[in-house]
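# Remarks on the overall topology
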Amino acid sequence: MRKAVRPLRAGTLTQRGPLGQAPKATQEPVPGAVLGTSTYKQWKGKKVRVAVLPWGATEAHNFHLPYATDTLMAEKVAALAAQRAAKRGAKVAVLPAIPYGSQANTMAFNMNMNLNPSTQFLILKDIIASLKAHKVEKLVILNGHGGNDFYAMQRELYGCGVFSLVLCLLTIDFFFLFHHVGGNFLLKDPSGGGKTHN
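The next subject is helix H2 (residues 69–87). Across its 19 residues, H2 extends 27 Å between first and last C-alpha, which sits within 8% of the 27 Å expected from 1.5 Å per residue. Those residues of H2 lying buried are Thr 69, Asp 70, Thr 71, Ala 74, Ala 78, Ala 79 and Ala 82. Downstream of H2 by one or two residues, Gly 89 has phi in the positive range, about 100°.

Here it is, written out as structure tokens:
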């Protein structure tokens, strides 16, 4: 006989159980600004002025870090920043992350996944159109992957009239920001060889 599964409370994170079992609720509350882990009840009638889009990659990070490293870091930084901003009254939403990046030059590494810049452009254009439909005024791309380059896309999007005065786009490469503003986030090689790991 199977155990009855308790329904999840809105606003709880889920953790996948063993194969075939329903996800289990954890005690950690979902940040109110994170769209992907919250419900329509939490967002119905809520005005959003700023959307944050974490954009990462799926690529090998040597033997010690997962393929989703860039995406996971971008998601975490976005959620923490949005929590702080929301506490100060910002009307912000963190969108679900894009987990694929530009990898054309690293496809020799098994299971790296590539999105060409032209594909990224089309994805970004559609996301912007959706945000405009919901009257979101600003989009911040939090880029977690060094191979992604959104600056030329921004210029093209401005040029083709996707943007108007009601939507502003900003790209932040968080690895650059941490290195130049918040101190070097790279980890020193434990062997003392002076190398760094990203």
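In this model helix H3 (residues 117–133) runs 24 Å from its N-terminal to its C-terminal C-alpha over 17 residues, within 8% of the 24 Å that 1.5 Å per residue would give. Considered for burial, the residues of H3 that qualify are Gln 120, Phe 121, Leu 124, Ile 127, Ile 128 and Leu 131. One side of H3 carries all its buried residues, which in axial view fall inside an arc of 130°. Of the residues in H3, the exposed ones pointing more than 90 degrees away from the buried face are Ser 118, Leu 122, Asp 126 and Ala 133. Just past H3, the residue Lys 135 takes up positive phi, approximately 60°.

Next up on the list: the nonpolar core. Formed by 19 residues in total, the largest nonpolar core has its most connected members in Leu 53, Trp 55, Leu 95, Leu 124, Leu 131 and Leu 139. Of all the elements in the fold, those that place two or more residues in this core are strand E3 (50–55), H3, strand E5 (138–143) and helix H4 (151–159). Looking at this core, the element that brings in the most residues is H3, giving five residues. Contact partners of Leu 95, with chain neighbours within four places excluded, come to Leu 35, Ala 51, Val 52, Leu 53, Pro 54, Ile 127, Leu 131 and Leu 139. If you look at the next biggest cluster of nonpolar residues, it comprises 10 residues, including Ala 78, Val 94, Val 140 and Leu 142.

The next thing to look at is the pattern of salt bridges. One pass over the full model with this rule turns up one salt bridge. With a closest N to O distance of 2.8 Å, Glu 137 and Arg 49 form a salt bridge. In this pair, Glu 137 is assigned in the loop between H3 and E5 and Arg 49 in the loop between helix H1 (40–43) and E3, connecting sequence segments 88 residues apart. Accessibility expressed as a relative area gives 26% for Glu 137, which makes it partly exposed.

We now examine the environment of Lys 125. Checked against the element boundaries, Lys 125 lands in helix H3. The exposure class of Lys 125 is partly exposed, given its relative accessible area of 32%. Separated by 28 residues in sequence, Lys 125 and Met 153 have C-alpha atoms that sit 9.2 Å apart.

Scanning the entire structure with this criterion turns up one aromatic pair. Directly above the ring of Trp 43 sits Lys 46, whose terminal nitrogen or CZ lies 4.3 Å from the centroid.

Glancing now at the pairing of E3. A regular strand places its side chains so that they alternate between the two faces of the sheet. Within E3, five of the six residues are buried, which leaves it mostly tucked inside the rest of the structure. Across three bridges, the pairing between E3 and strand E4 (residues 92–94) is parallel. Across the sheet, the residue bridging to Val 52 is Val 94, located in E4. Viewed along the sheet, the connection from E3 through H2 into E4 turns out right-handed. Taken together, the six bridges between E3 and E5 define a ladder with parallel strand orientation. If you follow Leu 53 over to E5, its bridge partner there is Ile 141.

Moving on, we get to unusual backbone geometry. Despite not being glycine, Asn 62 has its phi angle at roughly 60°, a positive value. Within the secondary structure layout, Asn 62 lies in the loop between E3 and H2. Residues other than glycine seldom take positive phi values, yet Lys 135 does so here, at roughly 60°. Relative to the elements of secondary structure, Lys 135 occurs in the loop between H3 and E5.

Reading the values: the criteria
Residues numbered from 1 in each chain as written. Predicted model: local features only at pLDDT ≥ 70, side-chain atom pairs only at ≥ 80, totals over all residues. Heavy atoms only, no water. Helix = DSSP H or I, 4+ residues; strand = E, 2+ residues; numbered from the N terminus. Expected span 1.5 Å × (residues − 1). Buried < 20%, exposed > 50% of the residue type's maximum accessible area, 1.4 Å probe, protein only. Arc of directions from axis to C-beta. Core = buried A, V, L, I, M, F, W, Y, C linked by side-chain atoms within 4.5 Å. Contact = heavy atoms within 4.5 Å. Salt bridge = Lys/Arg side-chain N within 4 Å of Asp/Glu carboxyl O. Phe/Tyr/Trp six-rings, centres within 6.5 Å; stacked < 30°, edge-to-face > 60°. Lys NZ or Arg CZ within 6 Å of the ring centre and 35° of its normal. Pairing = 2+ DSSP bridges. Right-handed = clockwise from strand over helix to strand, strands pointing away.

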